[in-house]
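Architecture at a glance
Residue-level listing of the chains:
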Amino acid sequence: KAKELGRNTFQFYSSEMNMATLERLMMESNLRQALTEEQFVLHYQPLVSLQNGEIVGVEALIRWLHPTLGTIMPDRFIAVAEDSGMINPIGDWVLFEACRQAQAWIDEGLQLRTMAVNVAPVQFRQAGFVEMVAGALSATGLVADCLELELTERTVMHDAEFTLGTLSALKRMGVSLSLDDFGTGYSSLAYLKRFPVGKLKIDRSFVMDLESDADDQAIASTIVSMGRSLRLTVLAEGVETAEQLALLRKMGCGMVQGFHYSRPLAAAEMTELLRRQPFLHRD
Ligand code: C2E
Ligand code: MG
Ligand code: MG
Ligand code: MG
């Protein structure tokens, strides 16, 4: 809550508190600077259909290319960005940039059905979020069908009535919705049915030890069959090995994402991969 503390209020806190507050304020100002100096980039990881091995879409993943510290991964700054409120301008930038890149690929004639973008809880609840999404689409010319927003269970379960209203408005626009890190949070099955969500992404923690862990196999296969009976697409995250892939295929999982196919790539590398699309088939 660094934002609520004015500069002059430092003296009222213990020195430890001062340090923590100061660190937050510095981080916030660094994040602000990163945005204006264009130090953020998006990398893209293929979302692969198990039907035909095609790259159906990509997930946009943010990286901070710090001038002296090098590449900083999102796990190290997204939480701070959320606490400081910087997630809103950063999230807006991510959405515009992802839509811009998707349209650039489509303009080049490359086949890309889905651009998936992560949305933080604070960002999802900010006033005017739906309008911002509409603005990103119209400014970049991307059709709403191509955009998929990834929300976590934590985000959607927080305030179910508010969530339902926002999700419905996005759905009416034609935007797709997917539940990220599925299985790690607490989703009520009733809401899963009520929310206009089209995809479940099985969290990587259940895929990691899939070959050796019978419990993870049971969980993954339960999510797959539940998703199928609710007519949802199920995607497994973090697929690294051919063995994991084979098990997921046997369970009837529809899509995968992971290092087995590709790590997240810089835009230029992703362009190359999309151009070589027919040669990707590999399992
Ligand atoms: P996520 O949305 O669940 O994204 C998947 C993460 O798993 C990515 O980490 C990706 O690089 C990693 N991953 C994919 N396949 C594999 C694999 O086979 N093995 C392993 N070990 N890891 C794999 P990344 O890029 O570090 O992002 C971490 C998290 O940060 C994301 O998890 C997401 O929650 C958040 N994030 C990333 N970009 C954004 C963004 O633009 N906005 C927001 N709000 N959050 C973001
Ligand atoms: Mg995600
Ligand atoms: Mg995920
Ligand atoms: Mg995850």
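No experiment lies behind these values; they were computed from the predicted model shown. (Residues numbered from 1 in each chain as written. Chains lettered and ligands numbered in written order. Predicted model: local features only at pLDDT ≥ 70, side-chain atom pairs only at ≥ 80, totals over all residues. Heavy atoms only, no water.)

1. Examining the pattern of salt bridges
Under the defined criterion, the tally for this structure stands at nine salt bridges. Notably, a salt bridge pairs Arg113 with Glu54, separated by 3.8 Å at the nearest N-O pair. Of the two residues, Arg113 is situated in the loop between helix 3 (87-107) and strand 4 (114-118) and Glu54 in the loop between strand 1 (40-49) and strand 2 (55-66); the sequence distance between them amounts to 59 residues. Note on Arg113: relative accessible area 47%, which makes it partly exposed. Classification of Glu54 by relative accessible area gives partly exposed; the value is 24%. Across the pair Arg275 and Glu108 runs a salt bridge whose closest N-O atoms are separated by 2.7 Å. Here Glu108 lies in the loop between helix 3 and strand 4 and Arg275 lies in helix 12 (residues 267-275), a separation of 167 residues in the sequence. Classification of Arg275 by relative accessible area gives partly exposed; the value is 44%. Through salt bridges with shared partners, one network takes in Glu59, Glu150 and Lys201. (Salt bridge = Lys/Arg side-chain N within 4 Å of Asp/Glu carboxyl O. Helix = DSSP H or I, 4+ residues; strand = E, 2+ residues; numbered from the N terminus. Buried < 20%, exposed > 50% of the residue type's maximum accessible area, 1.4 Å probe, protein only.)

2. What to know about the nonpolar core
Grouped together as the largest cluster of nonpolar side chains are 82 residues, with contacts concentrated most on Leu31 and Leu149. If you tally residues by element for this core, the top one is helix 3, at eight residues. Setting aside its immediate chain neighbours within four residues, Leu31 contacts Phe40, Trp64, Phe77, Val80, Ala81, Ser84, Met86 and Ile90. In this structure, Val56, Ala116, Leu235 and Met255 belong to the second largest nonpolar core, which totals five residues. (Core = buried A, V, L, I, M, F, W, Y, C linked by side-chain atoms within 4.5 Å. Contact = heavy atoms within 4.5 Å.)

3. Quick look at the site of ligand 1
Around ligand 1, the surrounding shell holds 23 residues, and the nearest of these are Arg63, Asn118, Asp180, Glu240 and Phe259. Separating an oxygen atom of ligand 1 from a side-chain N or O atom of Asp181 is a distance of 3.0 Å. Across the complex, the protein chains shield 85% of the 800 Å² of accessible surface that ligand 1 would expose by itself. With four residues, the single largest contributor to the shell around ligand 1 is strand 2. Classifying every residue of the shell around ligand 1 gives 10 nonpolar, four polar and nine charged. (Near = heavy atom within 4 Å. Polar contact = N/O pair within 3.5 Å; in protein donor to acceptor, adjacent residues only side chain to side chain. Areas by Shrake-Rupley, 256 points an atom, 1.4 Å probe, with all protein chains shown as cover. Nonpolar A, V, L, I, M, F, W, Y, C, P; charged D, E, K, R; others polar.)

4. Digging into the coordination of the magnesium ion (ligand 3)
Surrounding the magnesium ion (ligand 3) are the protein donor atoms Asp180 (OD), Asp181 (OD) and Glu237 (OE), which sit 1.7 to 2.4 Å from the metal. Site description for the magnesium ion (ligand 3): donor spacing in sequence, D-D-x55-E. Between the magnesium ion (ligand 3) and the magnesium ion (ligand 2), a separation of 3.7 Å is found, and both are coordinated by Asp180. In this pair, Asp181 is assigned in strand 6 (residues 176-182) and Glu237 in the loop between strand 8 (233-236) and helix 11 (242-251), connecting sequence segments 56 residues apart. (Donors = N, O, S within 2.8 Å, 3.2 Å for Na, K, Ca; no water.)

5. Notes on the packing of helix 3 against helix 5 (residues 129-140)
Working note: a packed helix pair is described by the angle between its axes plus the distance between those axes. Running from N to C, helix 3 and helix 5 cross one another at 30°; their axes reach a closest spacing of 9 Å. Compared by their axis directions, helix 3 and helix 5 come out roughly parallel. Helix 5 is crossed by helix 3, and the crossing has right-handed handedness. Facing Asp92, Leu95, Phe96, Cys99, Arg100 and Gln103 of helix 3, the residues of helix 5 in contact are Met132, Val133, Gly135, Ala136, Leu137, Ala139 and Thr140. (Axes fitted to C-alpha atoms, helices over the stretch in contact; angles between N-to-C directions. Parallel < 35°, antiparallel > 145°, perpendicular 65-115°, else oblique. Left-handed = near helix turned anticlockwise from the far one by under 90°.)

6. Some words on the confidence of the model for the protein chain
The predicted coordinates should not be examined in detail at positions where pLDDT is low. On average, residues of the protein chain carry a pLDDT of 90, and 92% of them reach 70 or more. Scored below 50 in pLDDT, residues 279-283 makes 11 contacts in the model with residues more than four places away or belonging to other chains. Complex prediction metrics read pTM 0.92 and ipTM 0.98. (pLDDT = per-residue confidence, 0-100.)

7. Focus: the state of the cysteines
Under the counting rule described, the total for this entry stands at zero disulfides. You can see Cys99 has no disulfide; the closest cysteine sulfur is in Cys146, sitting 9.2 Å from it. With a relative accessible area of 0%, Cys99 lands in the buried category. (Disulfide = S-S within 2.5 Å.)

8. Observations concerning helix 5
Counted at 1.5 Å a residue, the expected span for helix 5 with its 12 residues is 16 Å, and the 17 Å between its end C-alpha atoms agrees. Where helix 5 is concerned, the buried positions are Phe129, Val130, Met132, Val133, Ala136, Leu137 and Thr140. All buried residues of helix 5 lie within an arc of 165° about the axis, which places them on one face of the element. More than 90 degrees from the buried face of helix 5, the exposed residues found are Glu131, Ser138 and Ala139. Tucked inside the fold, the buried residues of helix 5 contact helix 3, helix 4 (121-125), strand 5 (147-152) and helix 7 (160-173). (Expected span 1.5 Å × (residues − 1). Arc of directions from axis to C-beta.)

9. Here's the deal with the packing of aromatic side chains
How two aromatic rings sit relative to each other is set out by the distance from centre to centre and by the angle between their planes. For the coordinates displayed, the defined rule picks out seven aromatic pairs. Considering the side-chain rings of Phe40 and Trp93, the 6.3 Å spacing of their centres and the 40° angle between planes classify their relative orientation as tilted. With Phe40 in strand 1 and Trp93 in helix 3, this residue pair connects regions lying 53 residues apart in the sequence. By relative accessible area, Phe40 is classed as buried at 4%. When the ring of Trp64 is compared with that of Phe77, the centres are 5.5 Å apart and the planes differ by 80°; the resulting orientation is edge-to-face. (Phe/Tyr/Trp six-rings, centres within 6.5 Å; stacked < 30°, edge-to-face > 60°.)

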